[in-house]
Amino acid sequence: MANEGTTNVIFRVRRYDPDRDAAPYYQDFTVPVPPGMVVLEGLWYIKEHMDATLSWRVSCRMGVCGSCGMLINGSPTLACNTQIHDVARDGLLMVAPLPNFDIIRDLVPDLGPLFDRHSHLMPFIVREDHDEMQEPSDQYWQSADDLLEYLQFTYCIKCGCCMAACPTFATDPTYSGPQPLAQAYRYMIDSRDGAFEERKAILAGEAGPWRCHYAGECSAVCPKGVDPARAIQLMKRELVLDYLRLGKLRRRKPAGVLPPEKKRGRREGIPEHPPFTVEGAG
Ligand code: FES
């Protein structure tokens, strides 16, 4: 017997199998949706009861891994934390793969360009004390204020939703895009990092932050509350200050290991994880 409040919702799903189809097309599936059912569960229902060939990417099922990004009623978001009744309109739910990427099959985008750009912009801490990094004697010192400079950007799960929403990436495939740039800023501003000059050289090109028109769509759709548009504007500020020889990053000495006399207990002032930006999620 169906749960109370169950209603039928038509999933209009974009299908494409490059081995079989000349072009993508839409296929309708009627799914009984009880209250609380998420889009991912609706896709599982279709796969188990109607068409076992329907393909998408999934792993954690809890908004952590970034695998299940897709276009749901026109908005890039995560299928695993989007409730169907929150987004279906007049009993209809449009489901398509993330735009701005090639499609491998059905709802599976090729996120290779995202990860290539991400790795190109050095998303890691660079230091010269390799022995300390290999065999740490203690933690590198970082104040709570230093941490807050980049903390929110660490919540990125690389789902690709920001890239799918970006109008610049949509029209200029050479643009680095909001996800890689936000992560480059996250490491650029980290007080433990010593690679400002190397990153600056990479970012100076036409594919860097100057291509951003500040549409802000990346921040509007991020399912983790990250604000890539802000990161890119702050990155521009740092680069301008550096050009004017007023920036601090060029002269910054990467934070060292915390001296014993400065060790403290748990740091104060570090906020909790920000709320999800998707209404009703979390
Ligand atoms: S399945 Fe991991 S974020 Fe959705």
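All of these numbers come straight from a predicted model, not from anything done at the bench.

A.B. asks: Sorry if this is basic, but what is going on with the packing of helix H8 (residues 178–188) against helix H9 (residues 196–203) here?
C.D. replies: Between two packed helices, the angle of one axis relative to the other and the distance separating the axes together describe the packing. Between H8 and H9, the least distance of the axes is 10 Å, while the angle of their chain directions is 160°. Classified by the interaxial angle, the pair formed by H8 and H9 is roughly antiparallel. Taken as a pair, H8 and H9 cross one another with a handedness that is left-handed. Along the contact surface, H8 presents Leu181, Ala184, Tyr187 and Met188, while H9 presents Phe196, Arg199 and Leu203.

A.B. asks: Even after reading the chapter, I still don't get the pattern of salt bridges, so can you show me in this structure?
C.D. replies: Oppositely charged side chains can pair when the atoms bearing their charge come close. Inspection of every chain in the model, using the stated rule, returns 14 salt bridges. The closest approach of N and O atoms between glutamate 206 and arginine 211, which form a salt bridge, is 3.6 Å. When its relative accessible area of 30% is taken as the criterion, arginine 211 is described as partly exposed. Arginine 250 is paired through a salt bridge with aspartate 242; the nearest N and O atoms lie 3.0 Å apart. The class of aspartate 242 is buried, set by a relative accessible area of 4%. Sharing partners across several salt bridges, the network here consists of Glu197, Lys200, Asp242 and Arg250.

A.B. asks: Sorry if this is basic, but what is going on with the environment of leucine 114 here?
C.D. replies: Examined against the element boundaries, leucine 114 turns out to sit in helix H3 (residues 112–120). Judged by its relative accessible area of 0%, leucine 114 falls in the buried class. When the C-alpha positions of leucine 114 and methionine 133 are compared, they lie 28 Å apart, and in sequence the two are 19 residues distant. Sequence-distant contacts of leucine 114, that is, excluding residues within four places in its chain, are made with Phe101, Gly160, Met163, Gln179 and Pro180.

A.B. asks: When you look at helix H11 (residues 228–243) in this model, what are you seeing that I'm missing?
C.D. replies: Note on helix geometry: an α-helix contains 3.6 residues per turn, so any two residues three or four positions apart are oriented the same way. The terminal C-alpha atoms of H11, which comprises 16 residues, lie 23 Å apart, in line with the 22 Å expected from a rise of 1.5 Å per residue. Pro228, Ala229, Ala231, Ile232, Leu234, Met235, Lys236, Glu238, Leu239 and Asp242 are the residues of H11 that are buried. Backbone geometry just after H11 places arginine 245 at a positive phi near 60°.

A.B. asks: I'm lost on the nonpolar core in this one. Help?
C.D. replies: Side chains of a nonpolar character, in soluble globular proteins, are inclined to be buried together. Membership of the largest hydrophobic core comes to 64 residues, with the highest contact counts inside it found for Phe11 and Leu43. A total of six residues in this core trace back to one element, the largest contributor, which is H11. Residue-level mapping places this core at the junction of two domains, with at least three residues from each of domain 1 (7–109) and domain 2 (112–262). Residue contacts for phenylalanine 11: discarding those within four places in its chain leaves Gln27, Asp28, Phe29, Val31, Val39, Gly42, Leu43, Ile46, Ile84, Leu93 and Val95.

The rules behind the values
Residues numbered from 1 in each chain as written. Predicted model: local features only at pLDDT ≥ 70, side-chain atom pairs only at ≥ 80, totals over all residues. Heavy atoms only, no water. Axes fitted to C-alpha atoms, helices over the stretch in contact; angles between N-to-C directions. Helix = DSSP H or I, 4+ residues; strand = E, 2+ residues; numbered from the N terminus. Parallel < 35°, antiparallel > 145°, perpendicular 65-115°, else oblique. Left-handed = near helix turned anticlockwise from the far one by under 90°. Contact = heavy atoms within 4.5 Å. Salt bridge = Lys/Arg side-chain N within 4 Å of Asp/Glu carboxyl O. Buried < 20%, exposed > 50% of the residue type's maximum accessible area, 1.4 Å probe, protein only. Expected span 1.5 Å × (residues − 1). Core = buried A, V, L, I, M, F, W, Y, C linked by side-chain atoms within 4.5 Å. Domains from an automatic or database assignment.

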